[in-house]
Amino acid sequence: MPKVLVSDPIDQVGIDILSQVATVDVKTTLSPEELIQILPEYDAIMIRSGTKLTKEAIEAGKNLKIIGRAGVGVDNVDVPTATRMGIVVVNSPEGNTIAAAEHTIAMMMSLSRFIPAANQSLKGGKWDRKSFTGVEVYKKTLGILGLGKIGSHVATVAKALGMRILAYDPYLTAERAEKLGAHLVELEIVLREADYITLHLPKTKETHHLINADRLAIMKDGVRIINCARGGIIDEVAIADAIKSGKVGGIALDVFENEPLEAESGLRELGANVILTPHLGASTEEAQTNVAVDVAEQIRDVLLGLPARSAVNIPGLRPDVWQKLKPYLQLAEMLGNLVGQLAGGRVDTLNVKLQGEIANSESQPIVVAALKGLLTPALRERVNFVNASIEAKERGIHVTETRDPSVEDYSGSIHLTAHGSQGQQSVTGALLGKSEIRITSINDFPINVAPTHYMLLTLHRDMPGIIGRLGSLLGNFNVNIASMQVGRRMVRGEAVMVLNIDDPLPSGLLDEVVHIQGVTDAFVVKL
Ligand SMILES: NC(=O)c1ccc[n+]([C@@H]2O[C@H](COP(=O)([O-])OP(=O)(O)OC[C@H]3O[C@@H](n4cnc5c(N)ncnc54)[C@H](O)[C@@H]3O)[C@@H](O)[C@H]2O)c1
Ligand SMILES: O=C(O)[C@H](O)COP(=O)(O)O
């Protein structure tokens, strides 16, 4: 049974799903060193934001097949290292959207009405009404930085509260923003005009300290800022100074540059207009059930050899799409392997052409499967669907894609052309029925061959006696021929012959095959 480590608190429903297929160890208090020590034992790990999967930790996880993040942000996972090691990284992109958006609205209302401070005062024995006169959000301007899933829900709710919404998101269309009742504008306009600013961006190099002293300076006096996205998008020193100077009227932070927030952090010292929560955005019963089910199901599926639906480092496939594509993925992988072996030396370019009904399908998984096949002779089990593209890129293999829905020889077919140090080779394959794989052309010679483990291919002149001479040669070396096919474009012209053989070709025999009169080239293929 595979082993799964759960290293952050995850809803029991997720553990139950994992237990269907794996031995599950829940260890939520591991130090980074302890994690590195035990990670080699595990096939999968399920985490939240608490566990840091650094390069060193992932490299220690020699047997890891999948990292499951029960939540959205994968900034605590070194995804490039996981990808290079062929480890799928999955998350739950939508499971906690509503929870995080509602926490944001709660933060905005709490900032406006001093609810946490008033509560603390009352419980401290006071009846102080004067200190806690708030402001209304109605008719105020809310600036949303990042109008993705959470930002969009915040916009919808804020609109219903009567707010004017400005949004900054360079990757979004103005039409999408308008549909949400938001005006898409430049960052500077949001900063200058908003009464409230809320962040819903990923943490990236560009968003690091997006809110810094210079940007705080151009904001409206008394602006209130909410960050339920990621620590580090706001410069914490700059914002603390802006609170102290009165430039900023209030801040509500759920996330911090360092988590857990240091005991001695200056943020803890600030007054009633500063609200801090310990990364609670996703902490609702509903969200925790959603993300646990979402991610545990993906870990279970990957351990069973099925695809993940929301992988961040390979194209995720819905089960129905995967069912349809699966035989084509096998076909593409076989063809990639075949064309790579025919090409022999270094391959510089691979063209993947999708023909017939498959031409309108999602191409990326098929391209990845072809690359996996192409690289398998060199990399063996080191290459998989996760790292095939990156391995190909690192080897300088340029991939092009074309589509031709008009090809009707078979319902759907895949044509691969490899250019490399030893010239150009091409192969085509199709499905017979729903899933039987056939090689249907080699270097544009039409054939119809079911691929087998060992094959011998010749390029030769179509002339009497050549098949007999090849048959006798193999017979003399005790190589059994299972089937044979010849493909030619014209009588007595160039031809290709494919022999399915039961045994590997003895060493040295290929040279003798090439020396048969009329044979111009020969290849041994092992699939
Ligand atoms: N506090 C929590 O517990 C909690 C819970 C869930 C998500 N999150 C965090 O909230 C953030 C948003 O999550 P989401 O699910 O809405 O993500 P999302 O991917 O749906 O939305 C992010 C949006 O940010 C935009 N964006 C990216 N780079 C940008 C840039 N440089 N400037 C402006 N916009 C940019 C994208 O175009 C996208 O529309 C993430 O950082 C996520 O990790 C926090
Ligand atoms: O990115 C997320 O999903 C949130 O930050 C939630 O993090 P958590 O799973 O640690 O609550």
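All of these numbers come straight from a predicted model, not from anything done at the bench. (Residues numbered from 1 in each chain as written. Chains lettered and ligands numbered in written order. Predicted model: local features only at pLDDT ≥ 70, side-chain atom pairs only at ≥ 80, totals over all residues. Heavy atoms only, no water.)

Visitor: Quick question: what am I supposed to make of the sheet that holds strand β7 (residues 164-168) here?
Guide: Sheets are built from strands paired through backbone hydrogen bonds, the pairs being either parallel or antiparallel. Strand order in the open sheet formed by seven strands is β8-β7-β6-β9-β10-β11-β12, and the pairing between neighbours is parallel. Sheet topology places β8 (182-184) and β12 (274-276) at the edges, where each strand pairs with a single neighbour. The mean inter-strand angle of the sheet, taken between neighbouring strand axes irrespective of direction, is 20°. Direction of pairing for strand β11 (residues 248-253) relative to β12: parallel, over a ladder of three bridges. From the neighbouring strand, Leu253 faces β12, where its bridge partner is Leu276. Packing against the sheet, helix α5 (residues 97-113) makes contact with β6 (141-145), β9 (196-199), β10 (223-227), β11 and β12, and its axis sits at approximately 150° to β10. (Pairing = 2+ DSSP bridges. Helix = DSSP H or I, 4+ residues; strand = E, 2+ residues; numbered from the N terminus. Axes fitted to C-alpha atoms, helices over the stretch in contact; angles between N-to-C directions. Contact = heavy atoms within 4.5 Å.)

Visitor: Explain the side chain of Asn76 to me, please; I cannot follow it from the model alone.
Guide: Relative to the elements of secondary structure, Asn76 occurs in the loop between β4 (66-69) and α4 (79-84). In this structure Asn76 comes out as buried when scored by relative accessible area, which is 8%. A polar contact of 2.8 Å, which involves the side chain of Asn76, links it to the backbone oxygen of Arg48. Filtering out sequence-adjacent residues up to four positions away, Asn76 remains in contact with Ile47, Arg48, Ser49, Gly50, Thr51, Lys52, Leu53 and Arg69. (Buried < 20%, exposed > 50% of the residue type's maximum accessible area, 1.4 Å probe, protein only. Polar contact = N/O pair within 3.5 Å; in protein donor to acceptor, adjacent residues only side chain to side chain.)

Visitor: Would you mind going over the packing of helix α13 (residues 319-343) against helix α14 (residues 364-379) with me for this structure?
Guide: When two helices pack together, you describe them by how their axes are tilted relative to each other and by the distance separating the axes. Axis separation between α13 and α14 bottoms out at 7 Å; the angle between their running directions is 35°. Of the two possible hands of crossing, α13 and α14 adopt the one that is right-handed. Note on element contacts: α14 touches α13 through Pro365, Ile366, Ala369, Ala370, Lys372, Gly373, Leu374, Thr376 and Pro377, opposite Leu325, Tyr328, Leu329, Ala332, Glu333, Gly336, Asn337, Val339, Gly340 and Gln341. The residue makeup of the contact of α13 with α14, split by class, is 11 nonpolar, six polar and two charged. (Left-handed = near helix turned anticlockwise from the far one by under 90°. Nonpolar A, V, L, I, M, F, W, Y, C, P; charged D, E, K, R; others polar.)

Visitor: I would appreciate a short explanation of a nonpolar patch on the surface in the present structure.
Guide: There is a patch of nonpolar side chains on the surface, built from Ile467, Ile481, Met484 and Val486 and spanning about 270 Å² of accessible area. Of all the elements, strand β20 (residues 481-488) adds the most residues to the nonpolar patch, at three residues. Looking at where Met484 falls in the secondary structure, it is placed in strand β20. Judged by relative accessible area, Met484 falls into the partly exposed class, the value being 34%. (Patch = residues over 30% accessible without salt bridge, like charges linked within 9 Å, V, L, I, M, F, W, Y side chains within 5 Å. Areas by Shrake-Rupley, 256 points an atom, 1.4 Å probe, with all protein chains shown as cover. Salt bridge = Lys/Arg side-chain N within 4 Å of Asp/Glu carboxyl O.)

Visitor: In this structure, what is going on with the packing of aromatic side chains? I would like to understand it.
Guide: The relation between two aromatic rings is expressed through the spacing of the ring centres and the mutual angle of the planes. Tallying each qualifying case throughout the model produces one aromatic pair. Between Phe114 and Phe132, the aromatic rings sit 6.4 Å apart at their centres with planes inclined by 45°, giving tilted as the arrangement. With Phe114 in the loop between α5 and α6 (115-123) and Phe132 in the loop between α6 and β6, the pair connects residues that are 18 residues apart, well separated along the chain. Assigned by exposure class, Phe114 and Phe132 land together as buried. The aromatic ring of Tyr42 is capped on one face by Lys3, whose charged end is 4.9 Å from the ring centroid. Of note, Arg489 hangs over the ring of Phe445, and the distance from its end group to the ring centre comes to 4.1 Å. (Phe/Tyr/Trp six-rings, centres within 6.5 Å; stacked < 30°, edge-to-face > 60°. Lys NZ or Arg CZ within 6 Å of the ring centre and 35° of its normal.)

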